Amino acid sequence: MQKEYWLLPIGALALLTFFVLLQIPIRRLYAGFIGKVIPDDFKFGESKNVPGWVSIANRNYMNLLEMPLLFYLICLIQYLTSSNDPLNFQLSWIYVGLRIFHSLIHLTYNNVIHRLAIFAASNFILFGIWVNYFRKFLQITFWG
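Per-chain numbering applies: the sequence of each chain, read as written, is numbered from 1 onward. Since the coordinates come from a predicted model, pLDDT governs what is reported: local features require at least 70, and pairs of side-chain atoms require 80 or more to be given and counted, while whole-chain, interface and lining totals use all residues. The side-chain figures draw on all heavy atoms in the structure; neither hydrogens nor water molecules are used.

As recorded by an unreviewed UniProt entry, the chain carries the name MAPEG family protein and is attributed to Leptospira neocaledonica. UniProt positions are given in the numbering used here, feature names are shortened, and annotations may be inferred rather than shown by experiment. UniProt lists a comment for the chain under the heading Subcellular location (unreviewed entry), and it reads "Membrane".

Next up, the structure:
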């Protein structure tokens, strides 16, 4: 496996983040167009007047800047160390897929139980990627 392949799941998650970021002004402008909000509703963030379907995009965007930071980091570590671990590569794509499902749920019907299950699964996968990487790192470093 070429080390550059580690950049693919990073790029996919970054594209999702940009897509969600684009949802923020689209939803805000539409809400303003139909008279649900005024510019002052966003003066200090989002006021109580902002409908949930508008503010949820901002919350999802923040989610994509939190735990995924650890995903970007472990993928970059694997890229820089030329890791050739097919299991972690597969787990990385599973993580990206779960984050896509999480965003779809969050931005559409927003069922908390469904969203929580996907979020927890993605975090479990991310933890597994880290554990597997360091297990192999320690094995190579100390036991050759």
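Peer 1: I'm lost on the UniProt feature "transmembrane region" (unreviewed entry) in the chain in this one. Help?
Peer 2: Here, UniProt's "transmembrane region" (unreviewed entry) annotation points to residues 6–26, 61–80 and 116–134. Structurally, residues 6–26 comprises 95% helix and 0% strand, and the distance from its first C-alpha atom to its last is 32 Å. In DSSP terms, a helix is any run of H or I states spanning at least four residues, a strand is any run of E spanning at least two, and both are numbered starting from the N terminus.

Peer 1: How should I be thinking about the packing of aromatic side chains in this particular structure?
Peer 2: The relation between two aromatic rings is expressed through the spacing of the ring centres and the mutual angle of the planes. Only Phe, Tyr and Trp rings are paired, with Trp represented by its six-membered ring, and only when their centres lie within 6.5 Å; those with planes under 30 degrees apart are stacked, over 60 edge-to-face, the remainder tilted. Under the defined criterion, the tally for this structure stands at 9 aromatic pairs. A ring pair is formed by Phe 71 and Tyr 95, whose centres lie 4.7 Å apart and whose planes are at 25°; its orientation type is stacked. You can see Phe 71 sitting in helix H3 (residues 68–80) and its partner Tyr 95 sitting in helix H4 (residues 86–107), a full 24 residues away along the chain. Taken together, a centroid distance of 6.3 Å and an interplanar angle of 15° make the contact between Tyr 133 and Phe 137 stacked. Taken together, the residues span about one helical turn, with Tyr 133 and Phe 137 both in helix H5 (residues 112–143) at a distance of 4 residues. Members of the aromatic cluster, each reached through a chain of ring pairs, are Trp 130, Tyr 133, Phe 134 and Phe 137. Between the NZ or CZ atom of Lys 3 and the centre of the ring of Tyr 79, over which it lies, the distance is 4.6 Å. Ring-over charges, as used throughout, are those where CZ of Arg or NZ of Lys falls within 6 Å of the ring centre and within 35 degrees of the ring normal.

Peer 1: Teacher, can you tell me more about helix H2 (residues 52–63) here?
Peer 2: Owing to its 3.6 residues per turn, the α-helix aligns residues three or four sequence positions apart on the same side. Relative to the 16 Å expected for 12 residues at 1.5 Å per residue, H2 spans 16 Å between its end C-alpha atoms, a close match to the ideal helical length. Classification of residues uses two cut-offs on accessible area relative to the type maximum, computed with a 1.4 Å probe and protein chains only: under 20% is buried, over 50% is exposed, and between them is partly exposed. Along H2, the positions that sit buried rather than exposed are Val 54, Ile 56, Ala 57, Asn 58, Asn 60 and Asn 63. Among the structural elements, helix H1 (7–33), H3 and H4 are those in contact with the buried residues of H2. To estimate the expected span of a helix, subtract one from its residue number and multiply by 1.5 Å. What makes two residues a contact is simply this: any of their non-hydrogen atoms within 4.5 Å.

Peer 1: Whenever I open this one, the pattern of salt bridges confuses me. Can you help?
Peer 2: If the charged atoms of two oppositely charged side chains come close together, the side chains can form a pair. What counts as a salt bridge is simple: a side-chain nitrogen of Lys or Arg found within 4 Å of a carboxyl oxygen of Asp or Glu. Evaluation of the coordinates by the stated rule reveals 3 salt bridges. For Arg 28, the salt bridge identified is with Glu 46, shortest N-O distance 2.9 Å. Of this pair, Arg 28 sits in helix H1 while Glu 46 sits in the loop between H1 and H2; the two residues are 18 residues apart in sequence, bridging distant segments of the chain. Exposure remark for Glu 46: the relative accessible area of 28% places this residue in the partly exposed category. Residues Lys 136 and Asp 85 are paired through a salt bridge, measuring 3.9 Å at the closest nitrogen-oxygen approach. With Lys 136 in helix H5 and Asp 85 in the loop between H3 and H4, this residue pair connects regions lying 51 residues apart in the sequence. Overall, Asp 85 belongs to the buried group, its relative accessible area being 4%.

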